[in-house]
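Take a look at the letters that make up each chain.
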Amino acid sequence: NNSCDDVDECQSDSACPSQSTCINSVGSFTCTCRDGHLYNSAGSSCDDINECLESSARCPSESTCHNKPGTFTCQCPAGYDYTRENDSCDDVDECHSATQCPSGSTCTNAVGTFNCHCSAGYDY
């Protein structure tokens with residue numbers, strides 16, 4: 001064989017650190033950290049970015065940011081659901097569930113909660 005063939009360094013498990021992608025090129029290769037990860041100062045590993053400490057996490061002010069490997073989640077207070085499309089904590093209408101209030105009562109949704117009111121002739 002009278003030719004020099006490129007070595008695909010990406011075939012080696014040790015070519016790049018975990019949480020990265022290896023991209024082979026002629027005579028070389030590059031490692032790119034996956035989303036939510038960044039090379040450490042030594043360039044030897046891809047460390048998780050704590051998006052909750054960075055400006056990249058955009059949780060509503062009334063919610064709590066929770067860092068997860070490579071990503072984050074926003075947790076709204078009880079009675080609210082996080083909607084990523086609107087980036088907001090939206091009130092949950094608990095009255096849609098038939099089991100919130102006992103029979104003989106009416107459910108009234110309130111912001112972040114609900115109330116049960118007994119019908120005429122019923123008492124709690």
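Parameters and conventions
- Residues numbered from 1 in each chain as written.
- Predicted model: local features only at pLDDT ≥ 70, side-chain atom pairs only at ≥ 80, totals over all residues.
- Heavy atoms only, no water.
- Helix = DSSP H or I, 4+ residues; strand = E, 2+ residues; numbered from the N terminus.
- Rg over C-alpha atoms; globule rule 2.2 N^0.38 Å.
- Buried < 20%, exposed > 50% of the residue type's maximum accessible area, 1.4 Å probe, protein only.
- Contact = heavy atoms within 4.5 Å.
- Lys, Arg positive; Asp, Glu negative; His and termini not counted.
- Charge placed at Lys NZ, Arg CZ, Asp CG, Glu CD.
- Pairing = 2+ DSSP bridges.
- Disulfide = S-S within 2.5 Å.

(A) Seen up close, the overall build of the protein. Helix and strand content of the protein: zero helices and ten strands. Ordered by position from the N terminus, the helices and strands of the protein form the series β-β-β-β-β-β-β-β-β-β. Relative to the compact-globule value of 14 Å for 124 residues, the protein shows a C-alpha radius of gyration of 26 Å, a clear excess of over 25%. Seen through its C-alpha atoms, the protein measures out along the principal axes to roughly 100 × 30 × 20 Å. For the protein, buried positions account for 20% of its 124 residues. Considering only intrachain contacts with a sequence separation of at least 6, the fraction spanning at least 24 residues in the protein is 12%. With 4 positive and 19 negative side-chain charges, the protein shows a separation of 1 Å between the mean positions of the two kinds.

(B) Representation of the pairing of strand β2 (residues 28–33). As judged from the six bridges shared by strand β1 (residues 20–25) and β2, these two strands associate in the antiparallel manner. Looking at β2, one finds that Thr21 is bridged to Thr32. Two successive antiparallel strands, β1 and β2, enclose a turn made up of two residues, where Gly27 displays a positive phi of approximately 80°.

(C) How the structure looks around unusual backbone geometry. Residue Gln19 is not a glycine yet carries a positive backbone phi of 65°. On the secondary structure map, Gln19 appears in the segment before β1. Of note, Asp87 is a non-glycine position whose phi angle comes to about 50°, a positive value. Here Asp87 is to be found in the loop between β7 (80–83) and β8 (88–91).

(D) The arrangement of the environment of Asp91 in detail. Take Asp91: it is sitting in strand β8. For Asp91, a relative accessible area of 33% corresponds to the partly exposed category. Separated by 13 residues in the primary sequence, Asp91 and Ala78 have C-alpha atoms spaced 9.3 Å apart.

(E) Region of the structure containing the side chain of Ser88. Here Ser88 lies in strand β8. The exposure class assigned to Ser88 is buried, which follows from its relative accessible area of 17%. If we ignore the near neighbours within four places in the chain, the residues touching Ser88 are Pro60, Asp81, Tyr82 and Thr83.

(F) Representation of the state of the cysteines within the structure. All told, the structure shown has eight disulfides when counted by the stated rule. Between Cys101 and Cys116 runs a disulfide, and the two sulfur atoms are separated by 1.9 Å. Of note, the bridge from Cys101 to Cys116 carries an S-S torsion of about -85° and is left-handed in sense. One end of the pair, Cys101, is in the loop between β8 and β9 (105–110); the other, Cys116, is in strand β10 (residues 113–118), with 15 residues separating them in the sequence. Overall, Cys101 belongs to the buried group, its relative accessible area being 13%. In this model Cys4 remains outside any disulfide bridge; the closest cysteine sulfur is found in Cys10, 20 Å from its own. The exposure class assigned to Cys4 is exposed, which follows from its relative accessible area of 83%.

The quantities given are spatial measurements derived from coordinates; they are silent on function.
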